[in-house]
Amino acid sequence: MNNAVNDGVWSGSWVAERLGVQLVGDDGLTQMLGLALRRNPKRAHLLVSNVLGKHVPQSPSVVYGAGFALGRRVRDLLGPEEAARAVVLGYAETATGLGHSVADGVGLAPYLHSTRRPVAGVARAGGFEESHSHATSHLLLPKDPALLAGDGPLVLVDDEFSTGNTVLNTVRDLHSRYPRRRYVVVALVDMRSAADAGRLEEFAREIGARVDLVAAASGTVRLPEGVLEKGQELVARYEAESAAGGRVSSAAPSRPVAPFPAPPDSGVAVEADQRANPPGARGTARPAPTGPHPERDRTAPHATRVELRWPPGLPDGGRHGFTPAHRTRLEAALPAMAAGLAEALPADARSVLVLGFEELMYAPLRLARELEQVADAEVRYSTTTRSPVLAVDDPGYAIRTRLVFPAHDDPADGPGERYAYNVAGAGFDAVIAVVDSVADTPELHAPEGLLAQLAAHTPHVLLAVVPSYVPKPPHLSVSPGDTSTMLPEPLRGPAFSSYAPQEVGWLLQDLSDVTLEAPTEEREEAIQSGGAHYAESLPVEYQPSEQYQALFHTALEESAARLAQAVGAVTELVLAERSPRPVLVSLARAGTPVGVLMRRWAQFRHGLELPHYAVSIVRGRGIDANALRWLARHHDPRDVVFVDGWTGKGAITRELAVALEEFEKSDGVTGFDPEIAVLADPGSCVRTYGTREDFLIPSACLNSTVSGLISRTVLRADLVGPHDYHGAKFYRELAGADVSVAFLDAVAARFPEVVDAVEATAKELLSGDRAPTWEGWAAVERISEEHGIHDVNLVKPGVGETTRVLLRRVPWKILARSGAGADLDHVRLLAEQRGVPVEEVTELPYTCVGLIHPKYTRGATGADGKAVNV
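What you are looking at is a predicted structure, and each value in this text was computed from that prediction instead of being measured. (Residues numbered from 1 in each chain as written. Predicted model: local features only at pLDDT ≥ 70, side-chain atom pairs only at ≥ 80, totals over all residues. Heavy atoms only, no water.)

K.L.:
I keep staring at the overall build of the protein chain and nothing clicks. Help me out?
P.N.:
For the protein chain, the count of helices and strands is 24 helices and 34 strands. Of all intrachain contacts in the protein chain linking residues separated by at least 6 positions in sequence, the fraction that spans at least 24 positions is 78%. When the accessible surface of the protein chain is totalled, it reaches about 32,300 Å², and 51% of it is carbon and sulfur. (Helix = DSSP H or I, 4+ residues; strand = E, 2+ residues; numbered from the N terminus. Contact = heavy atoms within 4.5 Å. Areas by Shrake-Rupley, 256 points an atom, 1.4 Å probe, with all protein chains shown as cover.)

Here it is, written out as structure tokens:
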């Protein structure tokens, strides 16, 4: 009953004969797979693996050996250097143990598996959907999210590769967050059609990464017309018959079947021979202490609890990550744990099943394999599952019997039925149920629970509980002041901002429901009278007139090519000098559109998918330290490149340098480079720029409606705690006026025509002297004195800063360079609307400068962000 071919009958013949389903492929395919039916609106048939250890009890050496051998093939494919940098990711629930075995075969690869069990206090690092599954949502909950952030190969492991949809969804989600050059897909069987195989190749070209496939066998399933409807009718009829006969589809006890041959070159036998075999003496099973739940053994007297002595602090599996160091600890503890299980078995047991629990596959598998070495009995291994499958007692059908019992781990999606297949009627003398402590609940021990169901079909039931591993809270496991492990993932569109989710992740908290705006005069009056910081409130969003909007679109059309060239040039400098795979971190909000454009150029010109985030920096308060902590935990700080739109006099450049120096002292994190990459550097304050011309960047013309509908950032003590990101608002109500994506698309559309110009500009910049002269700062000091202001913080140089003055402050006057043309059309219109005089100046290093007179203190702020009182 437990083999794919039993007494000359293939365990898929029953389905094949009734539905016309054909399994075509490698010679050994029918040895590895049987067929069954399930109630599923998308796919009626189920491929039942004989070497997975999920639905069909199998020798644990065969199950582990199959995964281990695949891991060895992956290691050979990657080579020693790449294999040492690889991370293995398995799929819940079916492939959690298989993926872990593959990771063991690869060697030094850490392992993580997806999960359907959310864990309080553990932040989600990603997720994806499994389109054909009965339970679709997968979560990724690594203790250390940096596990997914490296650039080494990612090895994705599933039991079968059918359409490729699950893998594509996974890679799409992870690649947008943690792009890498290479992926390896691993499966026991590759059952894709030719069309699906082509989709994977096309997807690899789309993301600019290499995708390899490793499988133990390959083939395809041929389905006749109407098979889904016919299968559903068949399932409904047999389920009705099964219900009439009771909750268990019974089968006559049959002799255990010889194990499926181990895959060649698995390395398992050598590893087993090298380990000393402790004696496997068995005696009377001894109940172990039940801890705080003695009522459990009263409700299930048929089960004997066995103390497992699992190593303290060792993860129970890969839900939160399992490292090579964890594997070493497990290997050392396995012999003693297996000896304890062997001793607890009854002396006359000749056939033993180790039954794992849903996602908990690897720990029971390794215990079963070790028990197989020391016990004087035939050991088989399988696990319970949440997947409903029809059971039919026929040698030509893969699922002969089914035990049904209630969920016993308080699942997040609510109560429901769970199943154990091919256990009833198999003739096991003893079953060792292995669960984690989260699942050791009254429901497990209840009269209808799993233990009671097992006891009805085997004379001896043992229970071994593995402690559920939950990462320690950050304050217990990290250095003082490090809150990065509990910081949330970046906000992304469309939930936050009108940008596509892959364009930028906002390391901010959403304050959209908080009223922060006030009229300009009231706001500045409050700053002056109370010494409030400018970042504690927001100005009322400027609503452009039709005439002003027309000016924006005209300016965008006329400057798009010049912008595209500057974007290309600064990106090429970053790639050449800063990092071959930089992590772009825009200073919100002016830097964000530029960061998105730089990311687009890297993809257009080099096929690179660069990570891009936006963070807050506040004059007088520095950069958001929590955002830096998140970045340092997920990326190499040496790869981080801070991006802004333009420089004025260099105040933010200096602010960032001071803030990073303070952060290094407080957190001990090194590697962040204070050099900002900007589109335009008219103030000569940085080395990494696209141009030093002071020209109109149309994104400076508007506020949120050209920046993803995101407000300027907010830092206020009652809203932003010590462990929070700075805040910002998402102005969803302004969607009708939003031109954020239109701006990006207009500039990116000009990329092809400026390739040659970018190449020439970048070559010139790379070979020239780009040392900052800070001439902008000198000019601002001179202007401040000439106009009797005596405070450089009230002089706002450049087109971008002047526009900000007109949109968000109470300006005094505008200085415009004589002969400045269309670049100042929008400035002149805004000045006219606000009654601000524009004075033409012959010698001005900037196209224009906005002035705030210190005697008009509403709007005047000093270096610390507070009002200047004169």
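K.L.:
How do you make sense of the packing of helix H5 (residues 165-177) against helix H6 (residues 194-207) when you look at a structure like this?
P.N.:
A pair of packed helices is captured by two measures, namely the crossing angle of their axes and the spacing between those axes. Where H5 contacts H6, the axes come no closer than 11 Å and their chain directions differ by 5 degrees. With respect to H6, the axis of H5 lies roughly parallel. Mapping the contact onto sequence places Asn165, Leu168, Val171, Arg172 and His175 in H5 and Arg199, Leu200, Phe203 and Ile207 in H6. Across the contact of H5 with H6, the residue classes tally to five nonpolar, two polar and two charged. (Axes fitted to C-alpha atoms, helices over the stretch in contact; angles between N-to-C directions. Parallel < 35°, antiparallel > 145°, perpendicular 65-115°, else oblique. Nonpolar A, V, L, I, M, F, W, Y, C, P; charged D, E, K, R; others polar.)

K.L.:
Hey, could you run me through helix H17 (residues 591-606) in this one?
P.N.:
An ideal rise of 1.5 Å per residue puts 22 Å on 16 residues; H17 measures up with 22 Å between its terminal C-alpha atoms. Among all positions of H17, only Gly591, Thr592, Pro593, Val594, Gly595, Val596, Leu597, Met598, Arg599, Arg600, Trp601 and Ala602 are buried. Gly607, located one to two residues past H17, shows a positive phi value of around 70 degrees. (Expected span 1.5 Å × (residues − 1). Buried < 20%, exposed > 50% of the residue type's maximum accessible area, 1.4 Å probe, protein only.)

K.L.:
What should I look at first to understand the pairing of strand S24 (residues 583-588) in this one?
P.N.:
Side chains on a regular strand alternate between the two faces of the sheet. Counting buried positions along S24 yields six of six residues, so the element is predominantly enclosed. Residues Val583, Val585 and Leu587 point to one face of S24 and Leu584, Ser586 and Ala588 to the other, with burial holding for every one of them. Bridge count between S24 and strand S27 (residues 640-646): four bridges; the pairing is parallel. Bridge pairing in S27 links Val585 to Phe642. Across five bridges, S24 lies against strand S25 (residues 612-618) in parallel orientation. The partner of Ala588 across the bridge, within S25, is Ser616. (Pairing = 2+ DSSP bridges.)

K.L.:
Mind showing me how you'd approach the pairing of strand S6 (residues 87-90) here?
P.N.:
Burial along S6 is two-sided: Val87 and Leu89 and Val88 and Gly90, pointing in opposite directions, are all buried. Pairing geometry for S6 and strand S10 (residues 154-161), over four bridges, is parallel. For Gly90, the partnering residue across the bridge sits in S10 and is Val157. By the bridge criterion, three bridges tie S6 to strand S7 (residues 111-113) in an arrangement that is parallel. Bridge assignment links Val88 to a residue of S7, and that residue is Tyr111. Read from S6 through helix H4 (residues 96-106) to S7, the crossover connection turns out right-handed. (Right-handed = clockwise from strand over helix to strand, strands pointing away.)

K.L.:
Quick question: what am I supposed to make of the nonpolar core here?
P.N.:
Grouped together as the largest cluster of nonpolar side chains are 143 residues, with contacts concentrated most on Leu37, Val88, Val186, Leu371, Tyr397, Ile432 and Leu454. Ranked by residues supplied to this core, first place goes to helix H3 (residues 60-83) with nine residues. Contacts of Leu37, omitting those with residues within four sequence positions, involve Trp14, Val15, Leu19, Ala44, His45, Gly231, Leu234, Val235, Val389, Leu390 and Tyr397. Among the nonpolar cores identified, the runner-up in size contains 50 residues, and Tyr499, Leu608, Ala614 and Trp646 belong to it. (Core = buried A, V, L, I, M, F, W, Y, C linked by side-chain atoms within 4.5 Å.)

K.L.:
What is the right way to read unusual backbone geometry from this model?
P.N.:
Glycine aside, the phi torsion of most residues is negative, and most peptide linkages are trans. Across the junction of Gly493 and Pro494, the peptide omega takes the value 0 degrees, indicating a cis bond. Mapping Pro494 onto the fold places it in the loop between helix H14 (474-477) and strand S20 (505-506). The omega angle of the peptide bond from Ala588 to Arg589 is 5 degrees, so this bond is cis rather than trans. You can see Arg589 is positioned in the loop between S24 and H17. A positive phi angle is found at Glu358, which is not glycine, with a value near 45 degrees. Note that Glu358 resides in the loop between strand S14 (351-357) and helix H11 (362-374). At Asn422, a residue that is not glycine, the phi angle is positive and equals roughly 60 degrees. Mapped onto the elements, Asn422 comes out in the loop between strand S17 (417-421) and strand S18 (430-436). A residue is classified by how much of its surface remains accessible, and Asn422, at 0% relative accessible area, is buried.

K.L.:
Honestly, the pattern of salt bridges in this entry has me stumped. Any pointers?
P.N.:
Between side chains of opposite charge, pairing is possible as soon as their charged atoms come close. One pass over the structure, following the stated rule, counts 37 salt bridges. Notably, a salt bridge pairs Arg85 with Asp151, separated by 2.5 Å at the nearest N-O pair. One end of the pair, Arg85, is in the loop between H3 and S6; the other, Asp151, is in the loop between strand S9 (137-140) and S10, and 66 residues separate them in sequence. A salt bridge links Asp636 to Arg638; the shortest N-O distance between them is 2.7 Å. Asp636 gets classed as partly exposed once you look at its relative accessible area, which sits at 29%. (Salt bridge = Lys/Arg side-chain N within 4 Å of Asp/Glu carboxyl O.)

K.L.:
Any chance you could explain helix H22 (residues 775-786) here in plain terms?
P.N.:
Structural remark: α-helix, 3.6 residues per turn; residues separated by three or four positions point the same way. End to end, H22 covers 16 Å across 12 residues, agreeing with the expected 16 Å (1.5 Å per residue, within 8%). Within the sequence span of H22, burial applies to Gly776, Trp777, Ala779, Val780, Ile783 and Ser784. All buried residues of H22 project into a common sector of 160 degrees when viewed along the axis, lining one side. Taken together, the buried residues of H22 touch helix H19 (651-667), strand S31 (795-797), strand S32 (813-817) and strand S34 (848-851). Positive backbone phi, at 70 degrees, marks Gly788, one or two positions downstream of H22. (Arc of directions from axis to C-beta.)

K.L.:
Got a minute to help me understand the sheet that holds S32 in this structure?
P.N.:
Pairing in this open sheet of four strands is mixed, and the strands run S31-S34-S32-S33 from one edge to the other. Taken across any chain shown, the strands that pair with only one partner, and hence form the sheet edges, are S31 and strand S33 (838-841). Shown here is a sheet whose adjacent strand axes are inclined to one another by a mean of 20 degrees, direction ignored. Alignment of S32 against S33, held across four bridges, turns out to be parallel. Among the inter-strand pairings, Ile814 is bridged to a residue of S33, identified as Val838. This element, H22, spans S31, S32 and S34 of the sheet and lies at about 140 degrees to S31.

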